[in-house]
Amino acid sequence: MWQNRGHAELEICWQSGGIALKVMGLIGGMSWESSAQYYRIVNQEVRVRLGGVHSAKSLMWSMDFGEIERLQHIGDWSALTGEMIDAARRLEAGGADFLVICTNTMHRMADAVSAAVAIPLLHIADPTAEKIKALRLSRVGLLGTAFTMEQDFYKGRLIERHGLDVIVPDETDRKTVHDIIYKELVVGRVEDASRDAYRQVIQRLVDRGAQAIIMGCTEIMLLISQADSPVPVFDTTELHALAAVDLALA
């Protein structure tokens, strides 16, 4: 693991050509509030691992989230898939070695995006699930947009590929979680009352047997942290970004 190597040794390897950073292609802007966190995390982590003033090699195609949000809420997933494929192809043509979709919800079309390009796609659910399994946890509560919580594209991957038992909030709590994301977090509003509301939703999931909570929307990290949950919290934004660094240095 790169984490186990000293900065001096890594710097020598870099100078001798022993380290070649892959270029990550980030599909962002959904919303840019969380995409900015991806950019911060990947660059900070590369600097930690390589030392000095090193930073990530990356390209980002940033969407206009106003149009994305409109298409999501009218259910035009075909148009959204077209937008995502276009972004992926632009990044591939620009020199990206692999793709990172900087949002959970838009992994609804991950398979279509992956099929449209020749470079690999790093799925956000996989590093999250691997971290959960490493701690021998199995029953998880999932928070996210209504699309992520209610549709099968995300829960199904956690269940079928990773063998996790996934529970979601009830209908009222799902609406609360969704509305706070779209009315507050995507525009950078972080409200104490909303943090309290999320804490209550989390507690109800724990009362139903959740051993851990997946923050399955990349903006949720702006609102809550481990301090807000009695069980382990898994931040998909951070875990996905760190996995992108792993792949860039592989």
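Keep in mind the model is a prediction, meaning the values are calculated, not measured.

What follows concerns the pattern of salt bridges. As enumerated under the stated definition, the model contains 15 salt bridges in all. Note that Arg-189 and Glu-184 form a salt bridge whose closest N and O atoms lie 4.0 Å from each other. Exposure remark for Glu-184: the relative accessible area of 12% places this residue in the buried category. Arg-199 is paired through a salt bridge with Asp-196; the nearest N and O atoms lie 3.0 Å apart. You can see Arg-199 and its partner Asp-196 sitting in helix H10 (residues 192–207), three residues apart, about one turn around the helix. Here Arg-199 falls in the partly exposed class, since its relative accessible area comes to 36%. Using a relative accessible area of 34% as the deciding quantity, one classes Asp-196 as partly exposed.

Another point: the sheet that holds strand S7 (residues 212–215). With parallel pairing, four strands are arranged side by side in an open sheet as S6-S5-S7-S8. Looking along the sheet, the strands with just one partner apiece sit at the ends: strand S6 (165–167) and strand S8 (233–235). Mean inter-strand twist for the sheet, computed between neighbouring axes without regard to direction, equals 30 degrees. By the bridge criterion, four bridges tie strand S5 (residues 139–143) to S7 in an arrangement that is parallel. Each residue of the ladder has a partner; that of Gly-141, found in S7, is Ile-213. Docked against the sheet, helix H11 (residues 236–249) engages S7 and S8, running at close to 50 degrees with respect to S8.

Before going further, it helps to examine the pairing of strand S3 (residues 98–101). Both faces of S3 are covered, namely the face carrying Phe-98 and Val-100 and the face carrying Leu-99 and Ile-101. Both strand S1 (residues 24–28) and S3 contribute to a ladder of four bridges, which runs parallel. Within S3, the position partnered with Ile-27 by the bridge is Ile-101. Pairing between S3 and strand S4 (residues 121–122): two bridges, direction parallel. Among the inter-strand pairings, Leu-99 is bridged to a residue of S4, identified as Leu-121. Crossover handedness for the path S3 to helix H5 (residues 110–116) to S4: right-handed.

Moving on, we get to the state of the cysteines. Tallying each qualifying case throughout the model produces zero disulfides. The closest cysteine sulfur to the non-disulfide-bonded Cys-102 is located on Cys-217, 13 Å from its own sulfur. With a relative accessible area of 4%, Cys-217 lands in the buried category.

With parallel pairing, the four strands of this open sheet are ordered in space as S2-S1-S3-S4. Of all the strands in the sheet, just strand S2 (58–62) and S4 have a single pairing partner and so form its edges. In the sheet, S1 pairs with S2 via five bridges, with the strands oriented parallel. Bridge pairing in S2 links Gly-28 to Ser-62.

Another aspect to go through is the domain arrangement of the protein chain. If you check the domain split of the protein chain, you get domain 1 (24–123 + 239–249) and domain 2 (125–235). For domain 1 and domain 2, the distance between their C-alpha centres works out to 21 Å. Taken together, the 23 residues of domain 1 in the interface contact 27 residues of domain 2. In total, domain 1 and domain 2 occlude about 1,900 Å² of area from one another, counting both sides; carbon and sulfur atoms represent 60% of this. Contact with domain 2 buries area across many residues of domain 1, yet Asn-104, His-123 and Leu-239 alone supply 39% of it, more than any other trio. For the pair domain 1 and domain 2, the number of links is 13 residue pairs in polar contact (both at pLDDT 80 or more). Elements with a contribution of two residues or more to the side of domain 1 that touches domain 2: helix H2 (32–50), helix H3 (65–74) and H11. In terms of residues, the side of domain 1 that touches domain 2 owes the most to one element, H2, which gives six residues.

Applying the stated criterion across every chain yields a total of four aromatic pairs. An angle of 90 degrees between the planes, with centres 6.4 Å apart, marks the rings of Phe-147 and Tyr-182 as edge-to-face. With Phe-147 in helix H7 (residues 146–150) and Tyr-182 in helix H9 (residues 171–183), the pair connects residues that are 35 residues apart, well separated along the chain. Take Phe-147: its relative accessible area is 11%, and that puts it in the buried class. Look at Tyr-182 and you get buried, because its relative accessible area is 14%. Here the aromatic rings of Phe-153 and Tyr-154 are separated by 6.4 Å at their centres, their planes lie at 80 degrees, and the arrangement is edge-to-face. Overall, the relative accessible area of 0% leaves Tyr-154 in the buried class.

Here is what the cut-offs are and how they apply
- Residues numbered from 1 in each chain as written.
- Predicted model: local features only at pLDDT ≥ 70, side-chain atom pairs only at ≥ 80, totals over all residues.
- Heavy atoms only, no water.
- Salt bridge = Lys/Arg side-chain N within 4 Å of Asp/Glu carboxyl O.
- Buried < 20%, exposed > 50% of the residue type's maximum accessible area, 1.4 Å probe, protein only.
- Helix = DSSP H or I, 4+ residues; strand = E, 2+ residues; numbered from the N terminus.
- Pairing = 2+ DSSP bridges.
- Axes fitted to C-alpha atoms, helices over the stretch in contact; angles between N-to-C directions.
- Contact = heavy atoms within 4.5 Å.
- Right-handed = clockwise from strand over helix to strand, strands pointing away.
- Disulfide = S-S within 2.5 Å.
- Domains from an automatic or database assignment.
- Buried area = accessible area lost by both parts, 1.4 Å probe.
- Polar contact = N/O pair within 3.5 Å; in protein donor to acceptor, adjacent residues only side chain to side chain.
- Phe/Tyr/Trp six-rings, centres within 6.5 Å; stacked < 30°, edge-to-face > 60°.

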